[in-house]
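Structural overview for review
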Amino acid sequence: MIHSLLCHNEQRKLRVAFYFSLAREFVGADGSDGERVNFLKELGFSDIDALHIVLAEKCGADYFVTRDDDIGNPAPLFRGCEDCAGGALWSAG
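Residues numbered from 1 in each chain as written. Predicted model: local features only at pLDDT ≥ 70, side-chain atom pairs only at ≥ 80, totals over all residues. Heavy atoms only, no water.

In this section: the overall build of the protein chain. Secondary structure assignment for the protein chain yields 4 helices and 0 strands. What you see in the protein chain, going N to C, is helices and strands ordered as α-α-α-α. Counting over 93 residues, the protein chain shows a buried share of 24%. If you take every contact in the protein chain between residues at least 6 apart in sequence, the share linking residues at least 24 apart comes to 52%. Put simply, the protein chain shows about 7,200 Å² of open surface, and 55% of that area lies on carbon and sulfur atoms. (Helix = DSSP H or I, 4+ residues; strand = E, 2+ residues; numbered from the N terminus. Buried < 20%, exposed > 50% of the residue type's maximum accessible area, 1.4 Å probe, protein only. Contact = heavy atoms within 4.5 Å. Areas by Shrake-Rupley, 256 points an atom, 1.4 Å probe, with all protein chains shown as cover.)

Structure representation (structure tokens):
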């Protein structure tokens, strides 16, 4: 069991390193992002999902790709909100 867990963690590290190698730009969070993160959390997004959405908006991402099935659950609220600048993140759904 421990061997399996270690293998999984090593595979994850390799996968993440590969994704980073594909990145053309890294976007960091700063104090100005907190208000937007809190707004998205009030809509039902988790802390980490709200942060990821804010960073995608911040860098002007054309697409937001995730394997997280739960991130789309608040999307109807997000899409219908007049104050949400990032509604295009959900336009394909």
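Structure's up, so let's keep going.
Right, let's talk about the environment of Val 37 for a bit. Counting through the fold element by element, Val 37 comes out in helix H2 (residues 34–42). On the basis of relative accessibility, which here comes to 13%, the residue Val 37 falls in the buried class. Along the backbone, Val 37 and Leu 51 are 14 residues apart, and their C-alpha atoms lie at a distance of 5.7 Å. Apart from residues no more than four positions distant in its own chain, Val 37 is found in contact with Ala 50, Leu 51 and Val 54.

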